[in-house]
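Tertiary structure, described
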Number of protein chains: 2
Amino acid sequence: MGWFRKQRSAGTVLRWGRVLACLCLLGIVAGYAYDSFRDARGRDLRPGRAEQYLESVRAQGAGHTLPNIVLVVADDLGYGDLSVQGATSIKTPNIDQLAQQGVLFDNYYSPSPICSPSRAGMLSGRYPVRAHVPTVFLRTEKLSNRFVNQVMRAMNTYSYDMESIAHDEVLLPEVLKAAGYTTALLGKWHLGEREGDRPNDFGFDYFFGALYSNDMQPYAIYRNREIAIQAPADQSTLTGELTREALAFIDRNAAQPFFLYYASPFPHHPANASERFRGSSNAGIYGDAVQELDWSVGRIVADLQARGLDKNTLVLFTSDNGPWFQGSTGGLRGRKGNNLSGGQRVPFIAWMPERLRGGRTLDELASGLDIFPTVLELAGIAPPTDRVIDGRSLLPALEGSRDTSVDAEFVLLASKKPVGLVTADYAYLRATRSENSTYVMLSQGPFLFDARTDPAQSYDVTPLHPQAAAALAKRLDAWEAALRSNLRGWID
Amino acid sequence: MGWFRKQRSAGTVLRWGRVLACLCLLGIVAGYAYDSFRDARGRDLRPGRAEQYLESVRAQGAGHTLPNIVLVVADDLGYGDLSVQGATSIKTPNIDQLAQQGVLFDNYYSPSPICSPSRAGMLSGRYPVRAHVPTVFLRTEKLSNRFVNQVMRAMNTYSYDMESIAHDEVLLPEVLKAAGYTTALLGKWHLGEREGDRPNDFGFDYFFGALYSNDMQPYAIYRNREIAIQAPADQSTLTGELTREALAFIDRNAAQPFFLYYASPFPHHPANASERFRGSSNAGIYGDAVQELDWSVGRIVADLQARGLDKNTLVLFTSDNGPWFQGSTGGLRGRKGNNLSGGQRVPFIAWMPERLRGGRTLDELASGLDIFPTVLELAGIAPPTDRVIDGRSLLPALEGSRDTSVDAEFVLLASKKPVGLVTADYAYLRATRSENSTYVMLSQGPFLFDARTDPAQSYDVTPLHPQAAAALAKRLDAWEAALRSNLRGWID
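The paragraphs below set out a description of the structure included in this document. Fair warning: this is a prediction, and the values are worked out from it, not measured in the lab.

With that settled, consider the overall build of chain A. Looking only at helices and strands, chain A has 13 helices and 18 strands in total. The buried share of chain A, taken over its 492 residues, is 64%. Partitioning the contacts of chain A with sequence separation of at least 6, the portion at a separation of at least 24 is 68%.

Right, here's the structure in full:
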């Protein structure tokens, strides 16, 4: 109380203290801003590189039957949101069946704990920071967002260098299109919203969906380059629309190889479902949206089967990151936005009964970066050699011939910064991007978590395994140095 | 890229934008600061009130044998950190045995997700905001902390009005001392550090421990009002020291009623353990600290049994809040600092084999506020009538005569603000104090979680139970209004 009275009489001191604090803040922001400008100047773009590779794919030609690819990516669906993963309030019989007949990866990490980078990683096979997508793309039409971007970039934690994925990246739709596929994106893009940065500019023959997340405004639905449904689009009918589009796309392309990237806008907030599915789950509208997505997947798979296409179609199901404000991590620690297991460990299912040894749950380490090389190997397409591909082909694991994860490691990135490493035995974290937040939270780490006995990442076992911790620290340092010297991973 | 070049040429605009932002910030801080000063002025202290009540307790006298009370409070121990609660990397046979022979409350909430308020709630039986302990006490000797306090108070989220628990509160040690008990605090106080605000000033006859958390400096160990171990105290031997002190205190007071409040400094970061326990668990130093605490509890209980005191001693075991950077929530969502279940739901065990119907796990709603009225009822002491006691006596539940939680509700407080309500059926949250952080995070709520089917709080079931959500919203509004009009809960 004495202190309290003193404070009031010392009001002048406090006022000047605050002004001083603001000036300090200004200085810090200006300083970091300068650094980030410098950083952005050295961003090492190689225009034309992608085209050279795509030309070689076109030249190669298809000497064999190309498998169809259906990649289903749910938005913010958690590790524990499928009934096959233990959910009890939500029932997902169709996706469960894919898992039961196919291969379920129990130890799969999304490329990033947030949307845009995760999608960049899946489509490029490379750590998203290489593609200049360290974080989620905000709408840049709004001046306030530009200001936020600027400040966040200045803080070097929540930042991106450009307004779309780098055009010199090679994306899966571009490769498959060059190899003779017809390609479609149904649903969410979120790798660039301006003209020239849209799905049709990155190898998609057909696009029906939104340029970004369903909580961003204005939310319009595009058909290729034109608006098909004006903003604000009714989101309750969206899963139905996307399902119809998927069936129509398959119908149009049943006689030729196709790549269908079905990027559901759900159960991302605000989750929504049609009349028929409202109240169908015991988990509110979130569960209803998941159950409608499950229905949608079931319809598509049934259609493939009815056409006999299931024999030659790989269906992949996954999520872009852990659950946000709703959704279940299945008891894992952390959520969307966070590098802890709940933020990045999500379901991953591969289904192709005729080709893959199904009915298996694998605990070998895998990540969304593996989708690109896996699909390329399955299609017999040589991957690019002018750049590092961080993922590895899971085909041997899918076919049951061998574990592909020996010595595998996966880097956890908080925007541009490598903050952790996951191996088969451990998760090593120096820091984590904060849950639902914009900054890197320096925890009381570094932490070494036992990946086998402690998936929820509760206990630092460094005292029990000091050599493992030291080795991982060294590897992480090496990653940091490698990304600093050659962020883009160019091989000259 | 076009935008990027434009930004650089528009550097002047950005610079002025930043200055403007700082000025805005200054204005906001100043405005809130004014509010908080005004708020603090109306803090409604009633000096002398506590003394009147304590006088009545003294006058009442003990017409019966008073039961001994041993209250063990672990620091930052999570819901999942005991083997009886599912931990596999940590073994706690002694505490497990208390649970197996006693009553384990599975649905128990600590009064607050952080330290000082939680302890205020347990010792007063009232929501900690009533005792002017909305948040954790930082060290006020440091000028930087004073500044932080000032700013945080200005934001009205992470703030306290005074530098100790209010002296007009009635604390459990004061009541028991007045009733004829000898009282001791062994371990952590954290309800005021200055002279006049220390344990011996609040009814403890004996104090051996620290004034605040084991991560705050300088960390000295006091014996009553004198420093017994100079800072920095060796924390590896602390559990051993506290155990010896506990046994000595019991020895000194075996023939008279005693209240032993054993507030372990562990497993709060930096967790520590003696040579003997280092490496004893599979959960690193955190697990070792928990296992040494388990040993300590076992020693004390064995001593009570050897003396035949177990027949007339109630042993309570709990934690002040969920786990911080390490520790297991047992799959619950959120952690220390957070109003989600992982932040406040912790183990609570009551053991008194001769008196309580043991061997039971109860799922009735209970909280740390219930400790004060439960102990008073057990000791036959009339509670104060000049103030609201928010907790309720759990004695009927402990004795197995009836469920005391019918219509029970528990308010979740983010510092001063009631942000949620827990009932037997639901948890209703409008917002939550952010995990490991200082501000109230407005989530995409309000959320209604099904307490029975969804303890991890993943799914908003408002669409399924709109009337329940509306009723709880109304109750929460009523709480907010009640606290605004009579924060202290005085009954005139």
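All names here are of chain A. Strand order across the open sheet formed by 10 strands is S7-S6-S5-S4-S8-S1-S9-S10-S2-S11, with mixed pairing between neighbours. Both edges of this open sheet fall to strand S7 (226-229) and strand S11 (360-362), since each of them pairs with a single strand only. With direction set aside, neighbouring strand axes in the sheet form an average angle of 15°. Sheet topology places strand S9 (residues 313-319) next to strand S10 (residues 348-351); 4 bridges connect them, and they run antiparallel. Bridging from a neighbouring strand, Val315 pairs with Trp351 of S10. Sitting on the sheet, helix H4 (residues 93-101) touches strand S2 (103-105), S9 and S10, and the angle it makes with S10 is about 70°.

Once that is clear, we can look at unusual backbone geometry. Trans peptide bonds make up the majority, and among non-glycine residues the majority have a negative phi. The step from A:Phe266 to A:Pro267 runs through a cis peptide bond, and the omega angle for that step is 0°. Its place among the elements puts A:Pro267 in the loop between strand S8 (258-263) and helix H9 (284-306). Here B:Ala231 and B:Pro232 are connected by a cis peptide whose omega angle stands at -5°. At B:Asn224, a position not held by glycine, the phi torsion is positive, near 50°. B:Asn224 gets classed as partly exposed once you look at its relative accessible area, which sits at 25%.

With that settled, the discussion passes to the pattern of salt bridges. All names here are of chain B. The final tally for this structure, using the stated rule, is 60 salt bridges over all chains. A salt bridge links Glu55 to Arg58; its shortest N-O distance comes to 2.9 Å. Of the two residues, Glu55 and Arg58 both sit in helix H3 (residues 49-60), 3 residues apart, roughly one turn of that helix. Under the relative-accessibility criterion, Glu55 is labelled partly exposed at 43%. Between Asp197 and Arg194 there is a salt bridge; the shortest N-O distance is 3.0 Å. Judged by its relative accessible area of 5%, Asp197 is buried.

We now examine the sheet that holds strand S13 (residues 410-414) of chain B. Residues and elements named next belong to chain B. In space, the 4 strands of this open sheet follow the order S13-S14-S15-S18, with antiparallel pairing throughout. In the strand order of this sheet, the two ends are held by S13 and strand S18 (447-450), each with one partner. Recorded for the sheet is a direction-independent mean angle of 25° between the axes of neighbouring strands. With 5 bridges joining them, S13 and strand S14 (residues 417-422) adopt antiparallel strand pairing.

For the rest of this paragraph, the subject is the packing of aromatic side chains. All names here are of chain A. Within the structure shown, the criterion is met by 30 aromatic pairs over all chains. Here the aromatic rings of Phe204 and Phe259 are separated by 6.2 Å at their centres, their planes lie at 25°, and the arrangement is stacked. Here Phe204, found in the loop between strand S4 (182-188) and strand S5 (206-210), pairs with Phe259, found in strand S8; they are 55 residues apart in sequence, far enough to count as distant. The exposure classification of Phe204 matches that of Phe259, with both residues buried. Members of the aromatic cluster, joined through ring pairs, are Trp189, Phe202, Phe204, Phe259 and Tyr261. Positioned over the ring face of Tyr206 is Arg252, at 4.9 Å from the centre of the ring.

Next up on the list: the pairing of strand S10 (residues 348-351) of chain B. Strand residues, when the strand is regular, have side chains that alternate between the two faces of the sheet. Residue and element names in this part refer to chain B. Side chains Phe348 and Ala350 of S10 all project onto a buried face; the interleaved residues Ile349 and Trp351 project onto the opposite face, where all are buried too. The sheet contact formed by strand S2 (residues 103-105) and S10 spans 3 bridges and is antiparallel. Across the sheet, Val103 pairs through a bridge with Ala350, a residue of S10.

Below, the discussion takes up the packing of helix H4 (residues 93-101) of chain B against helix H9 (residues 284-306) of chain B. Residue and element names in this part refer to chain B. Put simply, H4 and H9 touch, their axes get as near as 7 Å, and they point 55° apart. By the angle between their directions, the pair H4 and H9 is classed as oblique. Contact with H4, carried on its side by Pro93, Asn94, Ile95 and Leu98, involves Asp294, Trp295, Val297, Gly298 and Val301 of H9 and no other residues of that element. Of the residues contributing to the contact of H4 with H9, the split by class is 6 nonpolar, 2 polar and 1 charged.

Definitions and limits used
Residues numbered from 1 in each chain as written. Chains lettered and ligands numbered in written order. Predicted model: local features only at pLDDT ≥ 70, side-chain atom pairs only at ≥ 80, totals over all residues. Heavy atoms only, no water. Helix = DSSP H or I, 4+ residues; strand = E, 2+ residues; numbered from the N terminus. Buried < 20%, exposed > 50% of the residue type's maximum accessible area, 1.4 Å probe, protein only. Contact = heavy atoms within 4.5 Å. Pairing = 2+ DSSP bridges. Axes fitted to C-alpha atoms, helices over the stretch in contact; angles between N-to-C directions. Salt bridge = Lys/Arg side-chain N within 4 Å of Asp/Glu carboxyl O. Phe/Tyr/Trp six-rings, centres within 6.5 Å; stacked < 30°, edge-to-face > 60°. Lys NZ or Arg CZ within 6 Å of the ring centre and 35° of its normal. Parallel < 35°, antiparallel > 145°, perpendicular 65-115°, else oblique. Nonpolar A, V, L, I, M, F, W, Y, C, P; charged D, E, K, R; others polar.

No statement about biological role is implied by the geometric values presented.
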